[in-house]
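Reading the structure
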Amino acid sequence: MSVSPFSRTALFVALLAAVLAAGCSKQVRYGDPQAVETVSLDFGSTDLQTIAEAMTRSMLQAPVIANGNQPIVTVQEVRNKTSEYIDTRAITDSIRSQLSRSGRVRFAVDEAAMQQQIGELQRQQSEYYERSQAAEIGRMVGAAYRLEGNLVSIVKSNKKTKDVYYKFNLQLWNIQNGLLEWSDEKEIRKTES
Amino acid sequence: MPDRKPPAHRPVTPQAFTRLRLAIVLAAALLAGGCATFRSYQFELSRTIDLVEVGHPDKALETFERFNRRSRSSLLYFMEKGELLRIAGRYTESQQAWFEADAQVQKWESSALANPERVLGAAASLLVSDASRPYEGQDYEKVMLTTRMALNHLALGEWDLARVAIRRTHEREALIARLREQQVRKLEEQEGDKARAGMREIDGYPVRTIDNPGVNALRNSYQSAFSHYLAGFVYEALGEPSLAAAGYRQAIELQPGVALLEQGLDGLDGRVFDRGSGLTDVLVVIETGSAPARASTGFNLPVFTDAGLLVVPMSFPVIREQSGGARARAVSMGEVDNTGAATITSVDLMARRALKDDMPLIMLRAVARATAKGVLQAQARRRDDTGLAGALAIIGTVITERADERSWRTLPAEIAIARLSVAPGTQLLEIETESGRQALEVNVSGRYALICVRLIGGRAYVAATPAPPGQSARAGVRHIGLR
Amino acid sequence: MMKYPTAVVAILFVALAAGCTSKGPVPPSESCPGFQEAGSTKQLVRKKVQFLGDPEVDIREMRCVVTEAGLLRIDIDLENDKRRNQQMEYRFFWYEPNGMSAAPDEAWKPLILYADERRTISTLAPNVKAQDFSMVIKR
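Residues numbered from 1 in each chain as written. Chains lettered and ligands numbered in written order. Predicted model: local features only at pLDDT ≥ 70, side-chain atom pairs only at ≥ 80, totals over all residues.

1. Things to note about unusual backbone geometry
The phi dihedral of Asn338 of chain B falls on the positive side, at around 55°, and the residue is not glycine. Locating Asn338 of chain B in the fold gives a position in strand E5 (residues 336-340). Given 12 C-beta atoms within a 10 Å radius, Asn338 of chain B is considered exposed. Phi is positive for Asp116 of chain C, close to 60°, though the residue is something other than glycine. Note on placement: Asp116 of chain C falls in the loop between strand E5 (109-113) and strand E6 (118-124). C-beta crowding within 10 Å serves as the criterion here: with 12 such atoms nearby, Asp116 of chain C is assigned to the exposed category. (Helix = DSSP H or I, 4+ residues; strand = E, 2+ residues; numbered from the N terminus. Buried ≥ 20, exposed ≤ 12 C-beta atoms within 10 Å, placed from the backbone.)

2. Observations concerning the packing of helix H4 (residues 75-87) of chain B against helix H5 (residues 91-114) of chain B
Two quantities define a packed helix pair, namely the angle between the helix axes and the distance between the axes. Residues and elements named next belong to chain B. Two numbers describe how H4 lies on H5: the axes approach to 8 Å, and their chain directions differ by 160°. As summarised for this structure, H4 and H5 are arranged roughly antiparallel, according to the angle between their axes. In this structure, H4 meets H5 at a crossing whose hand is left-handed. Touching Leu75, Phe78, Met79, Lys81, Gly82, Leu85 and Arg86 of H4 are Tyr91, Glu93, Ser94, Ala97, Trp98, Glu100, Ala101 and Gln104, all from H5. Among the residues forming the contact of H4 with H5, the class breakdown is eight nonpolar, three polar and four charged. (Axes fitted to C-alpha atoms, helices over the stretch in contact; angles between N-to-C directions. Parallel < 35°, antiparallel > 145°, perpendicular 65-115°, else oblique. Left-handed = near helix turned anticlockwise from the far one by under 90°. Contact = placed C-beta atoms within 7 Å. Nonpolar A, V, L, I, M, F, W, Y, C, P; charged D, E, K, R; others polar.)

3. A closer look at the packing of helix H7 (residues 139-155) of chain B against helix H10 (residues 225-237) of chain B
All names here are of chain B. Relative orientation of the contacting elements H7 and H10 amounts to 35°, with a least axis distance of 10 Å. Considering the relative orientation of H7 and H10, their crossing is left-handed. Taken together, the residues of H10 that come into contact with H7 (itself represented by Val143, Thr147 and Ala150) are Ser227, Leu230 and Val234. When its residues are assigned to classes, the contact of H7 with H10 shows four nonpolar, two polar and no charged.

4. Quick word on the interface of chain A and chain B
Across the boundary between the two partners, chain A contributes 13 residues, which contact 11 residues of chain B. Breaking the side of chain A that touches chain B down by element, the ones donating at least two residues are strand E1 (72-80) and helix H4 (88-102) of chain A. When residues of the side of chain A that touches chain B are assigned to their parent elements, the largest contribution, four residues, is made by E1 of chain A. Residue composition of the side of chain A that touches chain B, by class: four nonpolar, four polar and five charged.

5. Remarks on the nonpolar core
The tendency in soluble globular proteins is for nonpolar side chains to be buried side by side. Residues and elements named next belong to chain B. Counting residues in hydrophobic clusters, the biggest one holds 160 residues, and the most contacted among them are Tyr229, Val284, Ile417, Ile451 and Val453. Sort the elements by how many residues they give to this core and helix H14 (residues 347-383) lands first, with 10 residues. Excluding anything up to four places from it in sequence, Ile417 contacts Phe226, Tyr229, Leu260, Leu283, Val284, Val285, Ala341, Ala342 and Ile344. (Core = buried A, V, L, I, M, F, W, Y, C linked by C-beta atoms within 7 Å.)

6. Some points on the interface of chain A and chain C
Each partner contributes residues to the interface: chain A has 16 residues there, and chain C has 15 residues. Listing elements by their share of the side of chain A that touches chain C, those giving two or more residues are helix H2 (45-59) and H4 of chain A. When residues in the side of chain A that touches chain C are grouped by element, the largest group, five residues, is from H2 of chain A. Class assignment for the residues of the side of chain A that touches chain C results in four nonpolar, nine polar and three charged.

7. Points about the environment of Gly239 of chain B
Its location among the elements puts Gly239 of chain B in the loop between H10 and helix H11 (241-254). Given 16 C-beta atoms within 10 Å, Gly239 of chain B falls into the partly exposed group. In sequence terms Gly239 of chain B and Arg271 of chain B are 32 residues apart; their C-alpha atoms lie 10 Å from each other. Beyond its immediate stretch of four places on either side in the chain, Gly239 of chain B contacts Ala112 of chain A together with Val272 of chain B.

8. Here we look at the environment of Ser45 of chain A
Relative to the helices and strands, Ser45 of chain A resides in helix H2. In sequence terms Ser45 of chain A and Ala35 of chain A are 10 residues apart; their C-alpha atoms lie 8.7 Å from each other.

9. Focus on the confidence of the model for chain A
Model confidence for chain A is summarised by a mean pLDDT of 86, while 87% of its residues fall at 70 or above. Ignoring residues within four places in sequence, the model shows residues 18-23 of chain A, a span with pLDDT below 50, making zero contacts including any to other chains. (pLDDT = per-residue confidence, 0-100.)

10. As for the domain arrangement of chain A
Looking at the assigned domains, one finds that chain A contains domain 1 (41-108 + 143-193) and domain 2 (112-138). Taking the mean C-alpha position of each, domain 1 of chain A and domain 2 of chain A sit 32 Å from one another. (Domains from an automatic or database assignment.)

11. Digging into the pairing of strand E7 (residues 132-138) of chain C
All names here are of chain C. As paired strands, strand E1 (residues 49-52) and E7 are joined by four bridges and run parallel to one another. Note on E7: the bridge partner recorded for Val49 is Met135. In this sheet, E7 lies alongside strand E4 (residues 86-95) in antiparallel orientation, the contact comprising seven bridges. Residue pairing for E7: Tyr90 is matched across the bridge by Ile137. (Pairing = 2+ DSSP bridges.)

Written out as C-alpha cells, the structure is:
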C-alpha cells in the first residue's frame, strides 16, 4: 500500500500535535514528604521538619528529661516574630509528637485545647453517663514544665538576591520555681538568587 | 506628494461627498452606540451605584442584571454581583457569585504560574484595543475578592471558613508579588528606560491623579493593611496568636504610624490569655464610598512613521479626582465613648497606583497601535484623494480606540477600622463621619465579634457576625438613621 | 528458640553501655554497633552508609556513645573530596537491636560542604529502642 507524501505529512503533523498536547497537560505525582523543598524562600516543610527534629533531639538530652522520670510538660505558644504567616503550632505539634514517641515526656492539656477538655469533662457529668465510669472533675494533672519559644527572621534583599535567616528558640521552664531547665535554638539560612 | 496623485477623475461632486461623509460618521456613531462590545461600563455601574446610594440595593441588582443580560459569566460580572448581593444582605448568594469569580482568578493564577510571560502580556494585544481583551482583574481586586469573601463568611458566622479565605488572601498576595517581580525584571531587560518613561509623554494627561504622594506612599497596588489586620483579627479569634501576630505586623508595615494597628500587635498576648473579662472584643469596619471609575479620555499621541510625524488620537484611562466621601472619624458603643477610627486602606489610592504601574505597558501598546493606525491612515489618504478611505480609517481608529474602562466599581473607596471591648448584648453603635453621625443598633455576643458598616450616599448597610450557636441572642441590626 | 536472640541483644546492650559513655576519649569506629562484624572502619562505612547520586565525600571516622539517658549518639566526620563546594542532603534510619525499624523516616537535611572542608555531623537517636542506625547521603 502506497502512502502519498501528503498523507504522510498529515500523519506526521497529527503525531506532533499529539505529542505536544501530551507534553502540555499537567501531571500530578506523589512526592517524598521528607524531601528537601526549595520551591521558594518562604518558611516551608523542610524548615518545619528540621527545626522540630533538632529541637526534639536536643531536648531529649536535657537533664530533667534524660533522668527518665517522665516529666509532665505543657506546650505554650511559640511567638511568631516574623512578618510571615507561619503557624508555629504546626512546629510545636511536631515537637510534641516526636517527644511523646520517645516515651520520655508526658504532656498535659495546653491552653489551646483547654476549652475542648473542659467541655468534654462537663459533658460527662450529665445524667446520661454511668456515674462510676465518668471522668471526675478536679482530677486533671498540672504540668511541671512549660515549653515556649520564639521564631524570628531577618530578611534582606537587593536587586539580585534575597536572603532569609530564621532563628527558632525553644525554652523549657520549671513552673514551680521559674527556673529555665533547658533551652536551645536552631538557625536556618536560605538564599534566592 | 502631488506627483503620486492619480489622474483627476471625480465621479461625485464635492457637496455630495461631504454629505456622504457625514452619513458615514453618523452611522458609525449609531453602530458604536448599539454595539455591545463598546458599551460603556462606567455608565452602567454609575446607574447601579446610584440606586444603592438611595437605598435600593435590590433594584440596583435588578438593573445590573439587566445591563448584563448577555454576559453573565465574566469575572467582573461576578465580582460586582457579589458585592451588590452583600450590600443587600444576601450573603449566601453573594458568596456563590464570588466563588465563581474566585474560580476564574484561580484559573488565572495557575496559568500565570505555568506561563508568566503570557500574563505579563506586553505583546499579547499590541494591535487590539485594551478594552476588547477579556478582563482578568486588577491585582488589588483579586486580593480584595478573598478578603471580602472572608467578610461574608464572618457575616454568616463561619469563622473557620473565613480563616480559609484569609489564608487564600495572603497566598494570592505572595503569588502576585512574585509575578510582578518577574515582570519588572523582564521589562527592564527588554525595554530598558523606554518602558519607564510612562505617561509624562502624553500631552495633557492629568498626571497628578495617579502620581501624587498618597499613591506613591503605597508599597504596591495590591497589599492592603485592612486585609492583613482582618487576618490578624480572625486568627486571634480562633486562638492562633502566632498567625495573628503576622497579620498585625504586616498591617503595621503597610500603614506605619497608626496607633490603632500597633495596639493590635502590642495587646495580642494579653488579649489571648485574658479569659475572664466577659466582654466582647468588637472590630468595627467602616467602609465608605465606592471605588473610582476609569474613564476613557482622548489625547493626541505623536508617532513617527515613514510618512513622517503623525498625530494620532488615542484614548487613555483616566481616574478623575473624586470627592473622597465622608471618612469615619470616631466610634461610640456601649460604655466606650468616642474611640478613634483609623482609615487604614484606600481602594481609591490602590486603583490609582494600579493604573500608574500599568501605564508604561498601556503606553507601549498604545504607541504600537497608534503607529499601525497612523500608517494605515497615511496609506489610505495617499491612495485616493477623495478622502473617503481616509475618513473611514479615521472612523475605524475612533471606534476601536477606547481605553479600558473596566474595574470593580462597587468596592468601597475607603476602609476604616475601630476596635473596642463592650458588654455582650444589644448596643447602640454611633459612627461619627466627616459629614455627620450614623446611629445603629447592633447585637454583639461571643468573645470576638465583627461589625461591618458600609456607608454609601448617606445610607448604611450593616453586616454583623451572628451569635455563636448555643447563645440565643437575637442576631440583628436596626438602623436608627442619620443624626 | 527465643532465648538466643535475647541473650545477644542483652550482651550487645551491656557492651555498648559499658564501652560508651561520654566521659573519657571515645574509641573511633569500634564503638559503633556492627563494628565487630565489619572488622574495619572502611567496612563499617560500607555497611552503614549509602550514597545516592555519587556525592563526592569521604567518611573519615564514626564515633558512637550511649548517653546517660540510654540514647545512641553518633558523630560522623565527613570530608569534601573536591575543591569546590558541594550541596547535599542526608538522613539517618534507626533500628532496634533485632533489626526492626525504630522510628518513622526522618526528614532530609540539607548540608553544604565547602571546598576541602572536613566537618562532623552529629545526631542523637530518637528513642532508647534505637540502638543501631544507617545513614543515607544524597547529592
